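Coordinate inspection notes
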Amino acid sequence: MTPEQKLAELGLTLPDVPVPVANYVPFRLVGDLLYLSGQGPKRPDGTYRPGRLGRDATIEEGYADAQLAGLQLLAVAKAALGDLSRIRAVVKLLGMVNAEPDFADHPKVINGCSDLLVNVLGDAGRHARSAVGMGSLPNRMTVEVEAILQIVP
């Protein structure tokens, strides 16, 4: 089953690829590594859930937001590669959580993205990861995730 078929089986669709709002690109291919710029939980209406984990959003809401960020990452990867089957491995994720200083469950939030990638890509979706707290994120969004992928040339 291809990753695209797996997404359909899970009832998920890839969103439109976001257009950069500053002087950067959504991805950069270097050799067999695809670097994906940080993505947030963009909703179908173009907005992001604002707020801080531990104050405005629950772990479950943050998990869902991290899953949305993961779908954004997959959309960018598909735009870069044309076919998600070209992903050999998700090498590394950096998950950033907009959190209160005493919030301690960053990994539980970023699991939303990690679980999505494994569910869609199988073993190729397993990755090294950092899940860290931030004092703020762009658009006051709850999470942002960036990724490094190894691809089949």
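Residues numbered from 1 in each chain as written. Predicted model: local features only at pLDDT ≥ 70, side-chain atom pairs only at ≥ 80, totals over all residues. Heavy atoms only, no water.

Per an unreviewed UniProt entry, the recorded name for the chain is RidA family protein, and the organism is Methylobacterium currus.

All right, on to the pattern of salt bridges then. The final tally for this structure, using the stated rule, is 9 salt bridges. Where E61 meets R49, a salt bridge forms, and the shortest distance between an N and an O atom there is 3.7 Å. Of this pair, E61 sits in helix α2 (residues 59-81) while R49 sits in the loop between β2 (33-39) and α2; the two residues are 12 residues apart in sequence, bridging distant segments of the chain. With a closest N to O distance of 3.5 Å, R55 and E100 form a salt bridge. Of this pair, R55 sits in the loop between β2 and α2 while E100 sits in the loop between β3 (87-98) and α3 (106-121), and the two are 45 residues apart along the sequence. Overall, R55 belongs to the exposed group, its relative accessible area being 51%. (Salt bridge = Lys/Arg side-chain N within 4 Å of Asp/Glu carboxyl O. Helix = DSSP H or I, 4+ residues; strand = E, 2+ residues; numbered from the N terminus. Buried < 20%, exposed > 50% of the residue type's maximum accessible area, 1.4 Å probe, protein only.)

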